[in-house]
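Architecture and fold: a report
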Amino acid sequence: MLDHGYRCDAVSSEKVSLRRRVSDWLRRSDGLPKLNYDALVDPDPKDVEAVARGLRAYNNRFAGPLNEKQLGCFVRDTSGRVVGGSHGHVLWSWLYIERLWVESDLRSHGVGAQVLARLERLALSEGVHRFHVQTTSFQALDFYIKQGYEVYAQLEDNPPGHTDYSLKKIIN
């Protein structure tokens, strides 16, 4: 008898069965409960939130709370319709700019630069001095570089045929 209660004196066809039983015992002895894995398209938002909550709790132990907040700057025409703007979120003292958009007939007139500058000033007033943005080769790379951002990473062929750039800016 093995220490685990499995007989090992049979050497024939029971060998595979014995191996399987030992393997099952080893899996059960690792202390993990029985687990089911679900890989899903469009997962339940409650499941997504459970993962986010767990990761936040883990991260808080090492880096402190996220101090997350949303920031935005919007441009409106005289009727109040949004014709441009930018928004992002603050995490751990970085502003992650999610989107910046200006209607096409307002581009090349400094509107985008004003939106970005106002968003940065708002962030500075909130104690945020570091900024992150992503753009692609067909979007606004030159625009962000002109605004003082520097490329620190790039991902080729994302989207296919183009390059995705990660940029940062630090204002002391």
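Structure's up top.
Let me sum up the structure you'll find in this document. All values reported here derive from a predicted model rather than from experimental measurement. (Residues numbered from 1 in each chain as written. Predicted model: local features only at pLDDT ≥ 70, side-chain atom pairs only at ≥ 80, totals over all residues. Heavy atoms only, no water.)

1. Remarks on the packing of aromatic side chains
- Enumeration according to the criterion identifies three aromatic pairs in this entry.
- Pairing Tyr58 with Phe62 gives two aromatic rings, centres 5.0 Å apart and planes at 50 degrees, and the pair type is tilted. Of this pair, Tyr58 and Phe62 both sit in helix α2 (residues 45-63), four residues apart, which is roughly one turn of that helix.
- Here Tyr58 falls in the partly exposed class, since its relative accessible area comes to 44%.
- Residue classification places Phe62 among the exposed residues on the basis of a relative accessible area of 61%.
- Ring geometry for Tyr144 versus Tyr149: centroids 5.7 Å apart, planes at 75 degrees, classification edge-to-face. Taken as a pair, Tyr144 and Tyr149 share a single burial class, namely buried.
- Put simply, the rings of Phe143, Tyr144 and Tyr149 touch in pairs and so form one group of aromatic residues. (Phe/Tyr/Trp six-rings, centres within 6.5 Å; stacked < 30°, edge-to-face > 60°. Helix = DSSP H or I, 4+ residues; strand = E, 2+ residues; numbered from the N terminus. Buried < 20%, exposed > 50% of the residue type's maximum accessible area, 1.4 Å probe, protein only.)

2. Notes on the pattern of salt bridges
- Taken as a whole, this structure holds six salt bridges when the rule is applied.
- A salt bridge links Glu126 to Lys69; the nearest nitrogen and oxygen atoms lie 2.8 Å apart. In this pair, Glu126 sits in the loop between α3 (111-125) and β4 (130-136) while Lys69 sits in strand β1 (residues 69-76), placing the two residues 57 residues apart along the sequence.
- Across the pair Asp77 and Arg81 runs a salt bridge whose closest N-O atoms are separated by 3.3 Å.
- The partly exposed category is assigned to Asp77, whose relative accessible area is 27%.
- Here the salt bridges do not stand alone but share partners, grouping Glu49, Arg53 and Arg56 into one network. (Salt bridge = Lys/Arg side-chain N within 4 Å of Asp/Glu carboxyl O.)

3. Examining the sheet that holds strand β2 (residues 82-91)
- Spatially, the six strands line up as an open sheet ordered β1-β2-β3-β4-β6-β5, and their pairing is mixed. Each of the sheet's edge strands pairs with one partner strand only, and the pair in question is β1 and β5 (150-156). For this sheet, the mean inter-axis angle between neighbouring strands, taken without regard to orientation, is 20 degrees.
- Those strands touched by α3 are β1, β2, β3 (94-102), β4 and β6 (163-170), and its axis lies near 150 degrees from that of β1. (Pairing = 2+ DSSP bridges. Axes fitted to C-alpha atoms, helices over the stretch in contact; angles between N-to-C directions. Contact = heavy atoms within 4.5 Å.)

4. Structural notes on the side chain of Thr135
- The residue Thr135 is located in strand β4 in this model.
- A polar contact of 3.3 Å, which involves the side chain of Thr135, links it to the side chain of Gln139.
- A distance of 3.1 Å separates a polar atom in the side chain of Thr135 from the backbone nitrogen of Ala140.
- The contact partners of Thr135, leaving out residues within four places of it in the chain, are Ala140, Leu141, Tyr144, Thr163, Asp164, Tyr165 and Leu167. (Polar contact = N/O pair within 3.5 Å; in protein donor to acceptor, adjacent residues only side chain to side chain.)

5. Looking at the side chain of Lys169
- Considering the arrangement of structural elements, one finds Lys169 in strand β6.
- Lys169 sits in the buried class, given a relative accessible area of 15%.
- Looking at Lys169, its side chain comes within polar contact range of the side chain of Glu120, at 3.2 Å.
- Side-chain polar atoms of Lys169 contact the backbone oxygen of Gln147, separated by 2.6 Å.

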